[in-house]
Amino acid sequence: MDARTAFAPAKVNLFLHVGPPDETGYHPICSLMAFADIGDRVSLRAADAFEFQVVGPFGRGLEGAENLVARAARALLGEVRRPVAPFGLVLEKQLPVAAGLGGGSSDAGAALRLLREALGMPVNDDRLEAVAADLGADGAACLWGRPVVAQGRGEKLSPAPQLPSLDAVLVNPGVPVSTPAVYRAFDERKQFGAVEPPPAPEAFESAAELAAWLAYQRNDLEAAAIEVAPEVGQVLGALAEEPETLLARVSGSGGTCFALCGSDIEAEGLAERLEALRPDWWVRRCRLGGPWDSAA
């Protein structure tokens, strides 16, 4: 078996509208998701028996059987129900954990794509997407890593408007943010949003045009995320004050904030300045869109 690798891009919620919980406790959403050219990597190699290893700066404590990469492998093997050659998986964890970047779901998606291709598994796209969706709310969207509008519990996908080149800066204060805790705080606020897709053009011509449209949208979990982790509010405030920032917002249920910039040069300048001012923050310049064939 030849060693192979798949890229697992960071997910960014350009907007995230969240409705009241249904009878099962799940919140319907509507979100425009884009994917960054930075992220994790999943590698496949030959092994005498199934092995799973996690390396990288954010890999500590993630090697258990409940890691989404290991769960994705088991779920896919359950779909094909035939023997396959033993293999090992290595997750190179470059993204912060519990950061609102869909890292676990993207890792699982990379593993599913990688295993299907490398092992020649007879699983079509629809079945693969269903496996990914069963692994988590972001699973279906993160499987393909392309801009998409997600609805329902995240499993109902429709094409996103055409996006321009988007230069951005991602910033995480180094504090994991619990999604269940954010939803509990959100429910206590009872400030639920409408979850019908907002009217949008078929294509946005520039980052400035997109940022102006996004300013009328929301991340309904933003206030709750800041309540759970005030450090997220510090990051958001810092980004909003910078001249390069067209739009600053929390991604997902929090942890990481993003700033859209007008150009690569502006994003680079903003990232360098923040890294100098706050060396304790995780700061990455990136480009948003997708799908990406390889990591930056």
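Residues numbered from 1 in each chain as written. Predicted model: local features only at pLDDT ≥ 70, side-chain atom pairs only at ≥ 80, totals over all residues. Heavy atoms only, no water.

Participant: Give a description of the environment of Leu16 that names residues and reports values.
Facilitator: Checked against the element boundaries, Leu16 lands in strand S1 (residues 4-18). Separated by 235 residues in the primary sequence, Leu16 and Ser251 place their C-alpha atoms 8.1 Å from one another. If near-sequence neighbours (up to four positions away) are discounted, Leu16 is found in contact with Ile29, Cys30, Ser31, Arg218, Asn219, Asp220, Leu221 and Gly252. (Helix = DSSP H or I, 4+ residues; strand = E, 2+ residues; numbered from the N terminus. Contact = heavy atoms within 4.5 Å.)

Participant: Would you mind going over helix H9 (residues 264-277) in detail, with residue names and values included?
Facilitator: Between the first and last C-alpha of H9 there are 20 Å, a value that for 14 residues agrees with the 20 Å anticipated at 1.5 Å per step. Of all the positions in H9, only Ala267, Leu270, Ala271 and Leu274 are classed as buried. One side of H9 carries all its buried residues, which in axial view fall inside an arc of 95°. Of the exposed residues in H9, the ones pointing more than 90 degrees away from its buried face are Ile265 and Ala276. The elements touched by buried residues of H9 are strand S7 (166-172), helix H8 (230-240), strand S8 (245-250), strand S9 (257-261) and strand S10 (282-289). (Expected span 1.5 Å × (residues − 1). Buried < 20%, exposed > 50% of the residue type's maximum accessible area, 1.4 Å probe, protein only. Arc of directions from axis to C-beta.)

Participant: Go over the state of the cysteines with me, naming the residues and quoting the values.
Facilitator: Overall, the coordinates contain zero disulfides when judged by the stated rule. Free of any disulfide, Cys257 has its nearest neighbouring cysteine sulfur in Cys286, separated by 13 Å. Cys257 gets classed as buried once you look at its relative accessible area, which sits at 0%. (Disulfide = S-S within 2.5 Å.)

Just geometry here; none of it tells us what the structure is for.
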